[in-house]
Amino acid sequence: MRIAISDDALALACGADQVAEAIAKAAPDADIIRVSSWGMSWLEPLVEVDGIGYGPATVDDVAAILDGSSGLNIGRIANHPFIARQQRLTFARAGITQPLDLDEYRATGGWLGLEKARAAGADAVIETVTDSGLRGRGGAGFPAGIKWKTVASADGPQKYIVCNADEGDSGTFADRMLMEGDPYCLIEGMAIAGLAVGADKGYIYVRSEYPHAIAKLNAAILASAHIVTPFDIEVRVGAGAYVCGEETSLLESLEGKRGEVRAKPPLPALEGLFGKPTVVNNVLTLAAVPYILANGAKAYADYGMGRSRGTMPIQLAGNLKHGGLFETAFGITLGELVNDIGGGTESGEPVKAVQVGGPLGAFHPASDFHLPFDYESFTAADGLIGHGGIVVFDESADMLAQARFAMEFCAAESCGKCTPCRLGSVRGMEVLDRIKTGGRAAADSVESLPQMHNAPKQGRSTDEELSLISDLCETMKFGSLCALGGFTPYPVMSAIRHWPEDFGASADMVKDIS
Amino acid sequence: MDKTARLGEIVAAHAGREGPLLPVLHDIQSEFGCIDEETKRFLASALNLSRAEVHGVVSFYHDFKSEPAKLPVLKLCRAEACQARGCDSLAAEISVVAKDRCEIETVYCLGLCSVGPNAMIGADVHARLDVGKLTQLIEAL
């Protein structure tokens with residue numbers, strides 16, 4: 001009997017270790033292996049007995065699972081609609097292989113991309129990646145091939161590949177799953193990037209909140225060093241600063257400094273880590289590369305729509321019945337993701353808002369459910385897909401509180417280098433607090449300063465406060481140095497625009513802002 | 001071994017690295033529970049940095065503390081996905097139980113966003129928390 005249980009952090013958090021122990025005790029002859037996660041979070045811990053899945057399993061379910069009588073039976077996992085509907089390129093091994101098993105990695109097509117890259121040479125690799133249409137999966141969506149070409153043609157004896165694994169966005173976990181579940185895939189992608197641009201050193205900057213991913217990566221780097229040599233990879237651990245997910249902050253942090261953003265130009269591609277030409281790519285971008293090299297640019301580009309090519313590992317989170325990782329070609333609609341695949345809210349209440357793209361992404365109402373999931377459609381709807389995280393809120397969500405949280409988060413995590421982000425976020429919190437409590441308190445009055453004759457004497461109406469925050473958001477959007485200050489207006493303004501009633505806006509104001 | 005000698009060992013262990021300050025600080029934080037003034041002075045001289053630079057880095061990152069925690073630390077996720085699953089009311093309800101038993105730190109996202117509310121104690125992660133489960137965790141600390 002072959003029994004597979006995930007050792008992904010999410011499965012562990014749901015009690016996978018305890019279930020595995022109980023199975024080992026109850027069935028000492030069974031072949032128990034620890035695999036990566038299929039990504040069906042609501043079924044974790046998911047126990048697979050000879051291909052048949054049982055989940056979410058507890059210690060008490062073990063006896064029934066072993067004798068086949070358990071009501072948790074979901075049938076053959078690979079045929080489950082949640083899995084069967086996906087187009088898994090990057091996550092092809094998810095749930096199937098043991099993360100650190102080199103033989104399994106090779107047997108499932110691992111290292112084929114690297115071998116083909118070595119045979120084809122640097123120029124051909126860059127051409128293939130360019131032709132595949134792969135864009136940065138971290139959020140900005142910049143074409144990977146163009147970035148690589150810039151680094152390749154830059155001068156300098158030392159170049160770097162930096163993997164941005166500082167996945168700090170709430171609602172995103174695909175990087176973590178890939179690093180824990182298929183670390184060799186990331187290593188292979190980085191080695192291919194190194195070959196393409198002429199870099200022999202790579203860094204993976206992982207956030208400290210991911211101790212399991214850090215451990216798996218370190219073990220995988222050690223075990224595969226002889227395969228990717230002369231390319232050498234080192235893991236660096238972040239220290240709890242969200243802004244270090246911004247590529248230039250991340251470089252500063254890697255250099256051992258405060259994670260303050262750098263003004264661009266110069267581009268990191270020309271003057272990046274320690275001033276040397278540097279490729280900075282997200283985990284999912286680099287992990288898509290082995291497939292592209294192994295199967296060709298066209299095989300990848302055939303998926304997707306418009307200028308969004310290939311697949312996107314979409315992360316379904318928040319108040320959803322069926323949360324998890326769903327990899328599919330670009331073009332699936334938001335409504336399909338939330339209702340058909342996610343199964344609607346777990347609470348059973350109607351969906352009120354869906355935040356797409358992390359804490360800096362816009363809140364979308366159900367009337368946006370027709371939007372196809374691709375870069376351009378979300379930009380056109382004043383939103384962004386970011387790192388592919390989708391967080392669902394039910395009717396109980398208070399959008400004023402969410403807008404205030406966005407400002408508070410920006411204030412707490414701002415690196416402090418630019419004024420719109422550092423001060424704008426604090427002022428934004430204050431304005432939203434005033435809207436909540438019904439205006440300026442007596443103590444805030446400026447009447448004691450008669451010389452400031454332009455200052456409003458009686459405070460502002462809610463409508464005036466709302467127009468003030470619109471102005472503030474414009475300033476942050478266009479004046480901030482990086483996405484933290486620049487994109488915080490997305491959740492704030494989308495909340496005001498779509499749910500003006502939560503802010504107490506007047507009918508005239510609603511017309512104004514919509 | 002006195003502290004200075006141990007600090008010297010930690011610095012030496014990272015000597016071959018480019019930009020070693022963060023890995024050094026992580027090791028010190030995990031061994032001593034904080035990075036105090038004496039340590040900052042030592043690092044400035046050992047790594048040829050100004051004390052202002054070392055202080056600037058230590059104070060920038062949420063992970064580095066200037067004093068050791070007096071109680072065990074429970075990191076509770078308060079980010080949007082956990083908010084959508086009720087972490088805010090959970091945090092309010094649990095504060096009494098936690099009072100003398102542990103420090104509750106806020107983190108923004110543990111990457112378990114589909115099974116929240118979540119918390120982390122050391123490197124152990126816990127999902128699908130409710131008041132009962134969280135109380136159990138805190139009482140076991």
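Scope of this entry: the structure provided in the associated data block. (Residues numbered from 1 in each chain as written. Chains lettered and ligands numbered in written order. Predicted model: local features only at pLDDT ≥ 70, side-chain atom pairs only at ≥ 80, totals over all residues. Heavy atoms only, no water.)

Concerning unusual backbone geometry
Move 1: For the bond running from Gly55 of chain A to Pro56 of chain A, omega is -5°, close enough to zero to count as cis.
Move 2: With respect to the element layout, Pro56 of chain A can be found in the loop between strand S4 (52-54) and helix H3 (62-66).
Move 3: At the junction of Lys264 of chain A and Pro265 of chain A, the peptide bond is cis and its omega measures out at -5° in the coordinates.
Move 4: One non-glycine residue, Asp382 of chain A, lies in positive phi territory at about 60°.
Move 5: The topology assignment puts Asp382 of chain A in the loop between helix H16 (375-380) and strand S16 (389-394).
Move 6: Of note, Arg128 of chain B is a non-glycine position whose phi angle comes to about 50°, a positive value.
Move 7: In this fold, Arg128 of chain B is placed in the loop between strand S4 (124-126) and helix H7 (131-139).
Move 8: Residue Arg128 of chain B is classed as partly exposed on the basis of its relative accessible area of 26%. (Helix = DSSP H or I, 4+ residues; strand = E, 2+ residues; numbered from the N terminus. Buried < 20%, exposed > 50% of the residue type's maximum accessible area, 1.4 Å probe, protein only.)

Notes on the interface of chain A and chain B
Move 1: Contacts between chain A and chain B engage 65 residues on the former and 36 residues on the latter.
Move 2: The junction of chain A with chain B conceals about 3,700 Å² of combined surface from both sides, 56% of it contributed by carbon and sulfur atoms.
Move 3: Contact with chain B buries area across many residues of chain A, yet Ala239, Arg258 and Phe405 of chain A alone supply 15% of it, more than any other trio.
Move 4: For the pair chain A and chain B, the interface holds two salt bridges.
Move 5: For the pair chain A and chain B, the interface holds 30 residue pairs in polar contact (both at pLDDT 80 or more).
Move 6: Among the secondary structure elements, those contributing two or more residues to the side of chain A that touches chain B are helix H1 (9-13), strand S7 (201-206), helix H11 (211-228), strand S8 (232-237), helix H12 (247-254), strand S12 (311-318), S16 and helix H17 (399-413) of chain A.
Move 7: If you tally residues by element for the side of chain A that touches chain B, the top one is H17 of chain A, at five residues. (Contact = heavy atoms within 4.5 Å. Buried area = accessible area lost by both parts, 1.4 Å probe. Salt bridge = Lys/Arg side-chain N within 4 Å of Asp/Glu carboxyl O. Polar contact = N/O pair within 3.5 Å; in protein donor to acceptor, adjacent residues only side chain to side chain.)

Quick look at the pattern of salt bridges
Residues and elements named next belong to chain A.
Move 1: Evaluation of the coordinates by the stated rule reveals 37 salt bridges over all chains.
Move 2: Across the pair Lys216 and Asp7 runs a salt bridge whose closest N-O atoms are separated by 3.3 Å. Pair noted here: Lys216 is in helix H11 and Asp7 is in the loop between strand S1 (2-6) and H1, with a separation of 209 residues, a long-range link. Across the pair, exposure class does not vary: Lys216 and Asp7 are buried alike.
Move 3: Put simply, Asp302 and Lys298 hold a salt bridge, and the shortest N to O gap is 2.9 Å.

Considering the packing of aromatic side chains
All names here are of chain A.
Move 1: This structure, assessed with the given rule, holds 18 aromatic pairs over all chains.
Move 2: Here Arg135 stacks its cationic end above the ring of Tyr375, 4.3 Å away from the centre of that ring.
Move 3: Taking the ring centre of Tyr203 as reference, the NZ or CZ of Lys201 above it sits at 5.0 Å. (Phe/Tyr/Trp six-rings, centres within 6.5 Å; stacked < 30°, edge-to-face > 60°. Lys NZ or Arg CZ within 6 Å of the ring centre and 35° of its normal.)

Concerning the packing of helix H1 (residues 3-13) of chain B against helix H2 (residues 21-32) of chain B
Residues and elements named next belong to chain B.
Move 1: The N-to-C vectors of H1 and H2 enclose an angle of 140°; their axes lie 9 Å apart at closest approach. As H1 runs across H2, the sense of the crossing is right-handed. Across from Lys3, Arg6, Leu7, Ile10 and Val11 in H1, the residues of H2 making contact are Val24, Asp27, Ile28, Glu31 and Phe32. (Axes fitted to C-alpha atoms, helices over the stretch in contact; angles between N-to-C directions. Left-handed = near helix turned anticlockwise from the far one by under 90°.)

Looking at the side chain of Asn282 of chain A
Residue and element names in this part refer to chain A.
Move 1: Note on placement: Asn282 falls in strand S9 (residues 278-282).
Move 2: Residue classification places Asn282 among the buried positions, given a relative accessible area of 10%.
Move 3: At 3.2 Å, the side chain of Asn282 forms a polar contact with the side chain of Asp175.
Move 4: Apart from the residues within four sequence positions on either side, Asn282 is in contact with Arg137, Gly138, Cys163, Asn164, Asp175 and His387.

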